[in-house]
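Residue-level structure breakdown
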Amino acid sequence: MSFVDRRIETRPSSGAAPFELNEVFFSRTDDRGVIEACNYVFKRVAHYEWKELIGAPHKLVRHPDTPKGLFQLFWDTLKSGKTIGAYVKNKSKDNLHYWVFATVVPCDGGYLSARIKPSSPLFTEIQAIYAKMVKAEKEDGLSPVESMKIMNDWVHAKGFDDYEHFAAHALAEELIARDEALGRKPDTRILDLRTMLRNSEKLLDETHGLVKDFEAMHTIPHNLRVIASRIEPSGGPVTVLSQNYGAMSREMSDWFERNVMGENTNFATVKHSVNASLFIAGMTRILTECDEQLQKERRTLGEVDMEKERATLREMASQQSSKAEKGMAEVDIEAVRIINACQVMHRHFLGLSSTRVLCKIESARLPSSGETLADIIDQLGAFQERISERLEHIAKLGDEIRSQEH
């Protein structure tokens, strides 16, 4: 046994169990959470014998400082067939504690969890929100579902759409902090995906801005009709302008409905797919490290077949990588659609520009109402300028997302 091994396996009488930043560990359970396999690091940190771990429920290492609301979130997510990542405080057999960031993925017959030691600034915030949840559970009698709501409310207050988006962010933060602390080169894949995610969020912001701009201009066709009725019979051209503008406005609104509004539109799909790929990239990296560490350990795993577990880890990593590749292919398709949609919108704007020119002509020809028409022309000009800038920015973001993906 090396000096490092001796140092790690020398345990304090209280506080944190020895768990190094460069270590990873995993466990595999059945669908009820009963441990079927794990690696030596897990055994050492939890301080149990193989016979005590294999066949035992995973709650064997549950620490009372981890809120029940978190485990409610865990099982709700896993039972739906999704992956999850979360900070968890565990307890060893000798009553020491150890924190992990756990990534859990459904696998054949159960679940596989791979963990790293958390070290990012976000970890401190999590400890505070967990303490709040545990206190509410104990003192106020909150149910796990009610406690879970505290977590979800906190996630929303932090600016995340849901817990899934928070988990991807947290995993990326932990891997980046871990690499920095260990003197490793930054993980370019993680960094690129984070940049893509920021661009996809900007994409959504710009499209929501488009919607607001159009909503603000909905009164223009009505105002044009009012002017036309006031200057009859010479208001015919203005009526035509109102009808043309109204038709184009409706067409653009339909475009918004198809592409911008709702959870399953092109713009929302990009953000969700990039976020999922970010989480998968982090999980795949941890699974791969677990496989590598299992190979280095070369220790017996009780009655567990080490080579079989390594094969399972490699298979899970491969499956997750394939899933991420599929998701990024979808991102590329959606980015192309967004760019093409912007080109269509620009063509619409050629029509609006023509409308604006005709308004100018009518304004000069009808001096009695020219001032009112001139106001609308100014509104149209400001409107078109804002929309054009947004469309250019959206198309640019689409191009950047595509370039980062490739």
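Residues numbered from 1 in each chain as written. Predicted model: local features only at pLDDT ≥ 70, side-chain atom pairs only at ≥ 80, totals over all residues. Heavy atoms only, no water.

A separate point is the overall build of the protein chain. From N to C terminus, the protein chain includes 13 helices and five strands. Going through the 406 residues of the protein chain one by one, you find that 51% of them count as buried. Sequence-distant contacts, at least 24 apart, represent 69% of the contacts inside the protein chain between residues at least 6 apart. With the model as given, the accessible surface of the protein chain reaches about 19400 Å², and the carbon-plus-sulfur share is 51%. (Helix = DSSP H or I, 4+ residues; strand = E, 2+ residues; numbered from the N terminus. Buried < 20%, exposed > 50% of the residue type's maximum accessible area, 1.4 Å probe, protein only. Contact = heavy atoms within 4.5 Å. Areas by Shrake-Rupley, 256 points an atom, 1.4 Å probe, with all protein chains shown as cover.)

Within the structure shown, the criterion is met by twelve aromatic pairs. Seen in terms of ring centroids, Phe-160 and Phe-166 are 5.6 Å apart; in terms of plane orientation they differ by 75°. Their pairing is edge-to-face. For the pair Phe-160 and Phe-166, one class covers both residues: buried. One aromatic cluster is present, formed by Tyr-87, Trp-99, Phe-101, Phe-123 and Tyr-130 through successive ring pairs. Above the face of the Phe-71 ring, Arg-62 is positioned so that its terminal group lies 3.9 Å from the ring centre. (Phe/Tyr/Trp six-rings, centres within 6.5 Å; stacked < 30°, edge-to-face > 60°. Lys NZ or Arg CZ within 6 Å of the ring centre and 35° of its normal.)

Overall, the coordinates contain 22 salt bridges when judged by the stated rule. Arg-310 is the salt-bridge partner of Glu-307, the closest N and O atoms lying 3.8 Å from each other. You can see Glu-307 and its partner Arg-310 sitting in helix H12 (residues 306–365), three residues apart, about one turn around the helix. The exposure class of Glu-307 is partly exposed, given its relative accessible area of 44%. Assessed through its relative accessible area of 11%, Arg-310 is described here as buried. By sharing partners, the salt bridges in this structure join Arg-178, Asp-179, Arg-184, Asp-187, Arg-285 and Glu-289 into a single network. (Salt bridge = Lys/Arg side-chain N within 4 Å of Asp/Glu carboxyl O.)

Once that is clear, we can look at the sheet that holds strand E5 (residues 110–116). Within the open sheet, the five strands sit side by side as E2-E1-E5-E4-E3. Their pairing is antiparallel. Strand pairing shows two members of the sheet lacking a second neighbour, strand E2 (35–38) and strand E3 (84–91), which therefore form its edges. Ignoring strand direction, the axes of neighbouring strands in this sheet form an average angle of 30°. Pairing geometry for strand E1 (residues 25–30) and E2, over three bridges, is antiparallel. Counted as the bridge partner of Ser-27 is Cys-38 from E2. Contacting E3, strand E4 (97–107) and E5, helix H4 (residues 68–79) crosses the sheet at an angle of about 140° to E3. Its contacts with the sheet put helix H7 (residues 163–181) on E3, E4 and E5, and the angle it makes with E3 is roughly 65°. (Pairing = 2+ DSSP bridges. Axes fitted to C-alpha atoms, helices over the stretch in contact; angles between N-to-C directions.)

Looking now at the packing of H4 against helix H6 (residues 144–157). Following both chains from N to C, one finds H4 and H6 inclined at 90°, their axes separated by 7 Å at the closest point. With respect to H6, the element H4 is oriented roughly perpendicular. Along the contact surface, H4 presents Lys-68, Gly-69, Gln-72, Leu-73 and Asp-76, while H6 presents Pro-144, Val-145, Ser-147, Met-148 and Asn-152. (Parallel < 35°, antiparallel > 145°, perpendicular 65-115°, else oblique.)

With that settled, the discussion passes to the environment of Pro-118. Within the element layout of this structure, Pro-118 appears in the loop between E5 and helix H5 (122–139). With a relative accessible area of 6%, Pro-118 lands in the buried category. Measuring from C-alpha to C-alpha, the distance between Pro-118 and Tyr-87 comes to 7.7 Å, with 31 residues separating the pair along the chain. Excluding residues that lie within four positions of it along the chain, Pro-118 makes contacts with Tyr-87, Trp-99, Val-100, Phe-101, Phe-123 and Glu-174.

For E3, the buried fraction is high: seven of the eight residues fall into the buried class. The sheet contact formed by E3 and E4 spans eight bridges and is antiparallel. Across the sheet, residue Ile-84 finds its bridge partner in E4, namely Val-104. Taking the residues that link successive antiparallel strands as the turn, the E3-E4 hairpin has five residues, and the phi of Asn-95 there is positive, at about 70°.

This part is about the environment of Ile-394. Of note, Ile-394 is situated in helix H13 (residues 370–405). Non-local contacts of Ile-394, meaning those with residues more than four positions away in its chain, are made with Leu-203, Glu-206, Thr-207, Leu-210, Phe-267, Ile-338 and Cys-342.

Computed from the structure, the largest pocket encloses a volume of approximately 590 Å³. Forming the boundary of the largest pocket are 22 residues, of which Thr-77, Lys-82, Thr-83, Glu-164 and Ala-276 lie nearest the centre. Mapped by element, the contributors of at least two residues to the lining of the largest pocket are H4, E3, H7, helix H11 (266–297) and H12. Classifying every residue of the lining of the largest pocket by side-chain character gives eight nonpolar, ten polar and four charged. (1 Å grid on protein atoms, 1.4 Å probe; cavity = no way out; pocket = protein on both sides within 12 Å on 5 of 7 lines; lining within 4 Å. Points joined across faces, edges and corners; volume = space filled by probe spheres on them. Nonpolar A, V, L, I, M, F, W, Y, C, P; charged D, E, K, R; others polar.)

We now examine H6. Relative to the 20 Å expected for 14 residues at 1.5 Å per residue, H6 spans 20 Å between its end C-alpha atoms, a close match to the ideal helical length. Those residues of H6 not exposed but buried are Ser-147, Met-148, Ile-150, Met-151, Trp-154 and Val-155. One side of H6 carries all its buried residues, which in axial view fall inside an arc of 145°. Considering only its buried residues, H6 is in contact with H4, H5 and H7. Gly-159 sits one or two residues past H6 and shows a positive phi near 100°. (Expected span 1.5 Å × (residues − 1). Arc of directions from axis to C-beta.)

Moving on, we get to the pairing of E5. With respect to burial, E5 is a largely interior element, seven of its seven residues being buried. With six bridges joining them, E1 and E5 adopt antiparallel strand pairing. Looking at the pairing, Arg-28 lines up with Leu-112 of E5. Taken together, the seven bridges between E4 and E5 define a ladder with antiparallel strand orientation. Note that in E5 the partner of Phe-101 across the bridge is Ile-116. Count of turn residues in the E4/E5 antiparallel hairpin: two residues, of which Gly-109 carries a positive phi of about 85°.

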